[in-house]
Amino acid sequence: MGNTSSMLTQYDIEEVQEHCNCTFSQQEIVSLYQRFCQLDRNGGGFISAEEFLSVPEFAVNPVSQRLLRMLDGLNFKEFVAFLSAFSPRATTQQKIEFIFKVYDSDGNGRVAMNDMLEVLRDLTGQFISQQQREQVLTQVLEEAGYTKDSFLVLSDFMKILGNTGLKMEVEVPVD
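Residues numbered from 1 in each chain as written. Predicted model: local features only at pLDDT ≥ 70, side-chain atom pairs only at ≥ 80, totals over all residues. Heavy atoms only, no water.

A. Local environment of the overall build of the chain. From N to C terminus, the chain includes ten helices and zero strands. Taken along its principal axes, the extent of the C-alpha atoms in the chain is 50 × 30 × 30 Å. Taking all 175 residues of the chain together, 38% fall into the buried category. When contacts within the chain are restricted to residue pairs at least 6 apart in sequence, long-range pairs at least 24 apart make up 62% of them. Here the chain displays about 10,100 Å² of accessible surface, and carbon together with sulfur accounts for 52% of that area. For the chain, the separation between the mean place of its 14 positive charges and that of its 25 negative charges on side chains is 5 Å. (Helix = DSSP H or I, 4+ residues; strand = E, 2+ residues; numbered from the N terminus. Buried < 20%, exposed > 50% of the residue type's maximum accessible area, 1.4 Å probe, protein only. Contact = heavy atoms within 4.5 Å. Areas by Shrake-Rupley, 256 points an atom, 1.4 Å probe, with all protein chains shown as cover. Lys, Arg positive; Asp, Glu negative; His and termini not counted. Charge placed at Lys NZ, Arg CZ, Asp CG, Glu CD.)

What follows is the structure, encoded as structure tokens:
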């Protein structure tokens, strides 16, 4: 699996499936492997940030720079694990864990008001002012029982987002 010129074996497929909690079918894993090989232009078995930016949908994503921090240098198994949060079979917990990692830019396991403001700025651009972002975020935090000085951990994200019917799905085309 390390070298993209090799083919996936049944064992590889099952190993990746297990690693990703069966969020993708075996056919989907094969399709993802084909896409991984297309992105891995140098055939080294890893996808660089530059290679990810070659995907137009990714390049225009407002949080692409945050996602690149999570993506640069992924092998195939890690690539599928990253995408598993977008599978229709992913649990709400898997999706919230992914969202938490996007907000927790320094990886310290805590999300501060500034972390949330940075993501909100990435998502809204110049459409709303910094002051408006702060007001909205302060109100959302207060409604959830937190203050602007709170540090949120994963369990807080679970509490806030757990019952929202979160939708984050991408269809994997199967040949």
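B. Inspection of the UniProt feature "domain: EF-hand" (unreviewed entry) in the chain at higher detail. When the UniProt feature table is mapped to this numbering, "domain: EF-hand" (unreviewed entry) covers residues 27-62 and 91-126. With 58% helix and 0% strand, residues 27-62 has its two end C-alpha atoms placed 30 Å apart. From the first C-alpha to the last, residues 91-126 spans 33 Å; its make-up is 67% helix and 0% strand. (UniProt positions renumbered as here; feature names shortened; annotations may be inferred.)

C. Representation of the packing of helix H8 (residues 113-124) against helix H9 (residues 130-143). As a packed pair, H8 and H9 sit with axes 10 Å apart at the nearest point and diverge in direction by 125 degrees. Classified by the angle between their axes, H8 and H9 sit oblique to one another. For the element pair H8 and H9, the recorded crossing hand is right-handed. Mapping the contact onto sequence places Met 113, Met 116, Leu 117, Leu 120, Arg 121 and Thr 124 in H8 and Gln 130, Arg 133, Glu 134, Leu 137, Thr 138 and Leu 141 in H9. Across the contact of H8 with H9, the residue classes tally to six nonpolar, three polar and three charged. (Axes fitted to C-alpha atoms, helices over the stretch in contact; angles between N-to-C directions. Parallel < 35°, antiparallel > 145°, perpendicular 65-115°, else oblique. Left-handed = near helix turned anticlockwise from the far one by under 90°. Nonpolar A, V, L, I, M, F, W, Y, C, P; charged D, E, K, R; others polar.)

D. The arrangement of the confidence of the model for the chain in detail. Looking at the chain as a whole, its pLDDT mean stands at 87, while 90% of the residues score no less than 70. Here helix H4 (residues 56-59) stands out as the element of the chain with the lowest mean pLDDT, 80, in contrast to helix H1 (residues 10-19), whose mean of 94 is the highest. (pLDDT = per-residue confidence, 0-100.)

E. Just the layout of surface pockets, in detail. Space inside the second largest pocket adds up to approximately 340 Å³. Contributing to the lining of the second largest pocket are 15 residues, with Ala 81, Phe 82, Ser 84, Phe 98 and Lys 101 lying nearest its centre. Listed by contribution, the elements that provide at least two residues to the lining of the second largest pocket are helix H5 (64-71), helix H6 (76-83) and helix H7 (92-103). For the lining of the second largest pocket, the element with the most residues is H7, which contributes four residues. Of the residues contributing to the lining of the second largest pocket, the split by class is seven nonpolar, four polar and four charged. (1 Å grid on protein atoms, 1.4 Å probe; cavity = no way out; pocket = protein on both sides within 12 Å on 5 of 7 lines; lining within 4 Å. Points joined across faces, edges and corners; volume = space filled by probe spheres on them.)

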